[in-house]
Amino acid sequence: MKILVCISHVPDTTSKINFTDSDTKFDTNGVQFVINPNDEFGLTRAMWFKEKQGATVHVVNVGGAETEPTLRKALAIGADEAIRINTPATDGFSVAKQLANVAKEGGYDLVIGGRESIDYNGGMVPGMVAKLIGANFVNTCIGLEVEGDKATAIREIDGGKETLKTSLPLVIGGQKGLVEESDLRIPNMRGIMQARTKPLNVKEPVDANAETNTVSFQKPAPKGAVKLVDSVDELVNLLHNEAKVI
Amino acid sequence: METETKNNELLRGGQFLVKETKAEDVFTPEDFSEEQKMMRDSVKEFVDREIWPKKEEFEHKNYALTEEVMRKAGEMGLLGVAVPEEYGGLGMGFVTTMLVCDYISGATGSVATAFGAHTGIGTLPITLYGTEEQKKKYVPKLATGEWFGAYALTEPSAGSDANSGKTKAVLSEDGKYYKISGQKMWISNSGFCHTMIVFARIEDDKYITGFIVENDPENGISMGEEEKKLGIHSSSTRQVFFSDTKVPVENMLGERGEGFKIAMNALNVGRIKLAAASLDAQRRVIANAVQYANERIQFNVPISSFGAIKLKLAEMATSAYVGESASYRAGKNIEDRIALRVKAGNSHQEAELKGVEEYAIECSILKVAVSEDIQNCSDEGIQIYGGMGYSADTPMESAWRDARIARIYEGTNEINRMLAVGMLVKKAMKGHVDLLNPAQAVAAELMGIPSFETPDFSELLSEEKAMIAKLKKVFLMVAGSAVQKYGTELEEHQQTLMAAADILIEIYMAESAILRTEKNAERFGEDSQKEQIAMSQLYLYHAVDIITVKAKEAILSFAEGDEQRAMLMGLKRFTKYQNMPNIGELRRTIAHKVISENNYPF
């Protein structure tokens, strides 16, 4: 089985978010980048397929050279090969088109993406990739087994789970549940050293115009100061007259 | 993995004092390769997942937890970083081994100690001095954490005077093994170790001999109870008793009578690693302290808005920054020296030994400086937390207790102070470092008329660098006169040695920070280094004060009359700023960054 894991290079969850150029660009200054957590659950599941079922695992990312440390980390965790599509990740559609091209050319049986990236939270890429390559698609995937060309996927639905049977080629939008947080792997020293010698191929992009453009970003209003109240009456009064929520 | 070397001419150990080091020639934490950064991040993740959340358990004498973490560290490859690949390790360069040691040691002194004892003094002597058979037999197991190592040097009556141990090794009649008998104490990792490097005396040898001893209770080895200690509560520390313990002759480490040298050389590495091991502890204390200060509201505002707290945060961050600067500067010097020797045909083993030995002075300087920094840092950490800091429910209390041991083990800070100066004097006598000519030049300068020209200090950090050059003259003046006065009896005059050591330490630390900042300002732009410039200036300002006090103390104790007056005048001249820094402003600049980032951000 050939697996392609799509890796988004995203700011660490504890990063301070700021914008520049009149709130049109994300300020990367001083920001630490990590593997998108939803993708990391998928990568870890892919490693399981590699170890238990002999799958080959490639990782792919759309982005400039600055995203390579993220791909190297995926290699250090155990992926066999990495591909960087040398163009900035702009909107969901153009990213999906780039990924679909790699997925198609590489003849992958299983494409694992994250349900959404934790930076722009578009949540569209895996579905678009599935459509573009003509593969089956399971979103919000929290469990995946593959037997030959048949797959059993578990999907999170409102208030419960849904088990689906489908066949390869398959694209999933993965999330926590594919593996648990405690299963996530820290690259070990040998893995990091081996990552140095594993292929990281830079691929030029195919034509794909962004179909959406960011006009501006807006941060939520800063939280006001906490007000401590001494009695229930006062609380009711404030909620009614000041916050106007009751 | 060797990081790229730019040094055209590699300074020898101790030469920093008499030769100018260029900023572009120092290695800084900003020079880590992508791979080194990935390793650092992995170690941090490992600590954040496996150690930090269990911090409290480590305070309850959970030795099994330490062992478990060590085993996991082995699986991560962290125990074999410094071990050559042919013995199951990763064969990394010295800087990388320091980096791993730095970041694995930040959460608790219990793991820091277990890690240091195992990799440094428990494994390293075998890789450095072992025979091929010994290395093949023991090192792969130690490198992966299948086995754990300990180091048994100290005895009840032989602490700082390590060569005075009473443990005996007697050759059996058939000449096949030695029988070791004696008592060792303060043995880290003893509770779960498989091997021990044991030092014992054969007959009436002048020097002790090292042996690799497998920990087998059937073979006359018994252990005392776990010691009740102030800190590092989950580091296993016991007495170890040997009673006719049979050790095959092929387990002798190095030559007969070479044990003291092995012990001391292992400690050189241990010392610089201990400095590294005290760095992330500082970063974590600072991060916690600033987070607390930003959240703790008094008088309706976060206490981080108060000048008294800003002062502390600025000083804490400065110490950590300076410690990092000096540790990695020396670490890279060692790595380069090893590479140079390998190139010249030395075996890796020989090269590493000589490489570290070359910088033994710097190793001692760092051990003293950084172990005292973590003590101060955690002390102020408690102070920022106020009453909560005194409670075992916050991480400051254990950080403070754990820090205390760093000033004692790997040679007390007093021993290391004396060693730093003593070794420098010895190097001068051997002609490895020319102190005589520079000292004479300073003496001549003292007699001459001082220059009244106003130097141009418009260039970044130029006044600071000029100050460092003058502080070096203070050391040469004080140490030079002391050597002249006391000759070979200098070592009897410990108060003078202590003062001289403090001068030496402050010079090395201050210079390292200035050079790191200068290098980074050059490549990343001065604007990006605003706080780093402030930290370098703040540290130097304190260094000048400390040096003034210590030098005066020394001068008053051994010089009289005209000579005393001339030296005090010189001291004044060599510690004079043309433009005094605004200390309050420097601290505000530094604190602002720490507070707004809510972390140690450098």
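None of these values were measured; they are calculated from a predicted model.

Visitor: Quick question: what am I supposed to make of the overall build of chain A here?
Guide: Per the secondary structure count, chain A includes 6 helices and 13 strands. If one aligns the C-alpha atoms of chain A with their principal axes, the spans along those axes are about 65 × 45 × 40 Å. Looking at chain A as a whole, 42% of its 246 residues are labelled buried. Counting only contacts in chain A whose residues sit at least 6 apart along the sequence, the fraction spanning at least 24 positions is 70%. In the form shown here, chain A has an accessible surface area of approximately 13200 Å², with 49% of it arising from carbon and sulfur atoms.

Visitor: In this structure, what is going on with the interface of chain B and chain A? I would like to understand it.
Guide: It is common to give the size of an interface as the accessible area that goes away when the parts come together. The interface of chain B with chain A comprises 22 residues on the first partner and 18 residues on the second. When the two sides are added together, the surface that chain B and chain A hide from each other amounts to roughly 1600 Å², 60% of it contributed by carbon and sulfur. The interface formed by chain B and chain A contains 2 salt bridges. Notably, a salt bridge pairs B:E45 with A:K73, separated by 3.0 Å at the nearest N-O pair. Taken together, chain B and chain A are joined by 8 residue pairs in polar contact (both at pLDDT 80 or more). Those elements giving two or more residues to the side of chain B that touches chain A turn out to be α1 (34-51) and α19 (583-597) of chain B. Element by element, the count of residues in the side of chain B that touches chain A is highest for α1(B), at 9 residues. Its residues assigned to classes, the side of chain B that touches chain A shows 11 nonpolar, 5 polar and 6 charged.

Visitor: Would you take a moment to explain a negative patch on the surface for this structure?
Guide: Residues B:E24, B:D456, B:E459 and B:E522 make up a contiguous surface patch of negative charge. Considering the arrangement of structural elements, one finds B:D456 in the loop between α14 (436-447) and α15 (462-486).

Visitor: So what exactly am I meant to see when it comes to the environment of B:R588 here?
Guide: Residues and elements named next belong to chain B. Its location among the elements puts R588 in helix α19. In the structure, R588 is positioned 279 residues away from I309 in sequence and 10 Å away in space, judged by C-alpha atoms. Separated by 3.2 Å, the side chains of R588 and E585 make a polar contact.

Visitor: What exactly am I supposed to notice about the domain arrangement of chain B here?
Guide: Taken domain by domain, chain B consists of domain 1 (149-258) and domain 2 (431-597). The straight-line distance from the C-alpha centre of domain 1 of chain B to that of domain 2 of chain B is 43 Å.

Visitor: Looking at this structure, I do not really get the pairing of strand β7 (residues 237-248) of chain B. What am I missing?
Guide: If a strand is regular, its side chains alternate between the two faces of the sheet. Residues and elements named next belong to chain B. Across 9 bridges, the pairing between strand β3 (residues 177-188) and β7 is antiparallel. Counted as the bridge partner of K179 is K246 from β7. Of the pairings in the sheet, the one linking strand β6 (residues 221-223) to β7 comprises 3 bridges and is antiparallel in character. Opposite M223, over in β7, you have V240 as the bridge partner.

Visitor: Please explain the side chain of B:E410 as it appears in this structure.
Guide: All names here are of chain B. Tracing the backbone through its elements, the reader meets E410 in the loop between α12 (395-406) and α13 (413-430). Of the side chains bearing the opposite charge, R271 lies closest to the buried E410, which forms no salt bridge; the N-O distance is 6.1 Å. If sequence neighbours within four positions are ignored, E410 has contacts with I121, L267, G270, R271, L274, K367 and N416.

Visitor: Can you help me understand the side chain of B:E226 in this one?
Guide: Residues and elements named next belong to chain B. Assignment of secondary structure puts E226 in the loop between β6 and β7. Overall, the relative accessible area of 15% leaves E226 in the buried class. Of note is the side chain of E226, whose polar atom sits 2.7 Å from the side chain of S236. Within the local environment of E226, its side chain forms a polar contact with the side chain of R238, the two groups lying 2.9 Å apart. When residues no more than four places from it in sequence are discounted, the contact partners of E226 are Y63, G191, S235, S236, T237 and R238.

Visitor: Is there a simple way to think about empty space enclosed by the protein in this case?
Guide: The gaps of empty space that remain are located by a probe, the size of a water molecule, rolled over the atoms. Residues and elements named next belong to chain B. A complete count under the given rule lists 4 cavities of 30 Å³ or more for this structure. Considering the residues around the largest cavity, the lining is formed by 26 residues, among which S105, G109, A281, I374 and D402 are closest to the centre. Among the elements of the structure, α4 (109-129), α6 (259-277), α7 (279-295) and α12 are those that each provide at least two residues to the lining of the largest cavity. Among the elements that make up the lining of the largest cavity, the one with the highest residue count is α12 (7 residues). Each residue belonging to the lining of the largest cavity can be placed in one class, and the counts come to 16 nonpolar, 7 polar and 3 charged. Empty space within the second largest cavity amounts to approximately 90 Å³. Every residue along the wall of the second largest cavity is listed here: L78, L79, G80, V81, A82, T97, V100, C101, F115, T119, G120 and K273. Contributing elements (two or more residues each) for the lining of the second largest cavity: α3 (94-104) and α4.

Visitor: Help me out: how do you make sense of helix α3 (residues 92-106) of chain A in this one?
Guide: An α-helical segment advances 3.6 residues per turn. Residues three or four places apart therefore align on the same side. Residues and elements named next belong to chain A. Across its 15 residues, α3 extends 21 Å between first and last C-alpha, which sits within 8% of the 21 Å expected from 1.5 Å per residue. Among the residues of α3, those classed as buried are G92, S94, V95, A96, Q98, L99, A100, V102 and A103. Buried residues in α3 make contact with β1 (2-6), β6 (56-62), β7 (81-85), β8 (110-114), α4 (125-133) and β13 (200-203). Positive backbone phi, at 60°, marks G107, one or two positions downstream of α3.

Visitor: Looking at this structure, I do not really get the confidence of the model for chain B. What am I missing?
Guide: Keep in mind that low pLDDT regions are not for reading the predicted coordinates in detail. Residue and element names in this part refer to chain B. Residues of chain B with pLDDT of at least 70 account for 99%, and the chain-wide mean is 94. When the criterion is pLDDT under 50, residues 1-8 qualifies, and its contacts beyond four places in sequence or with other chains add up to 26 contacts. The complex model carries a pTM of 0.92, and its ipTM stands at 0.86.

Visitor: Any chance you could explain unusual backbone geometry here in plain terms?
Guide: Residues apart from glycine generally show negative phi values, whereas peptide bonds are mostly found in trans. Residues and elements named next belong to chain A. The residue after L168, namely P169, is reached through a cis peptide bond having omega -5°. Looking at the secondary structure, you find P169 in the loop between β11 (160-167) and β12 (170-174). A positive phi angle is found at T140, which is not glycine, with a value near 40°. Note that T140 resides in strand β9 (residues 136-147).

Visitor: Help me understand the pairing of β3(B), please; the structure alone is not making it clear to me.
Guide: Residues and elements named next belong to chain B. Sheet topology note: the strand β2 (residues 168-171)/β3 ladder contains 4 bridges and is antiparallel. Paired with V170 across the two strands is K179, which belongs to β3. If you look at the hairpin formed by β2 and β3, you'll find 5 residues sitting between the two strands, and G175 has a positive phi there, around 70°.

Cut-off values and rules
Residues numbered from 1 in each chain as written. Chains lettered and ligands numbered in written order. Predicted model: local features only at pLDDT ≥ 70, side-chain atom pairs only at ≥ 80, totals over all residues. Heavy atoms only, no water. Helix = DSSP H or I, 4+ residues; strand = E, 2+ residues; numbered from the N terminus. Buried < 20%, exposed > 50% of the residue type's maximum accessible area, 1.4 Å probe, protein only. Contact = heavy atoms within 4.5 Å. Areas by Shrake-Rupley, 256 points an atom, 1.4 Å probe, with all protein chains shown as cover. Buried area = accessible area lost by both parts, 1.4 Å probe. Salt bridge = Lys/Arg side-chain N within 4 Å of Asp/Glu carboxyl O. Polar contact = N/O pair within 3.5 Å; in protein donor to acceptor, adjacent residues only side chain to side chain. Nonpolar A, V, L, I, M, F, W, Y, C, P; charged D, E, K, R; others polar. Patch = residues over 30% accessible without salt bridge, like charges linked within 9 Å, V, L, I, M, F, W, Y side chains within 5 Å. Lys, Arg positive; Asp, Glu negative; His and termini not counted. Charge placed at Lys NZ, Arg CZ, Asp CG, Glu CD. Domains from an automatic or database assignment. Pairing = 2+ DSSP bridges. 1 Å grid on protein atoms, 1.4 Å probe; cavity = no way out; pocket = protein on both sides within 12 Å on 5 of 7 lines; lining within 4 Å. Points joined across faces, edges and corners; volume = space filled by probe spheres on them. Expected span 1.5 Å × (residues − 1). pLDDT = per-residue confidence, 0-100.

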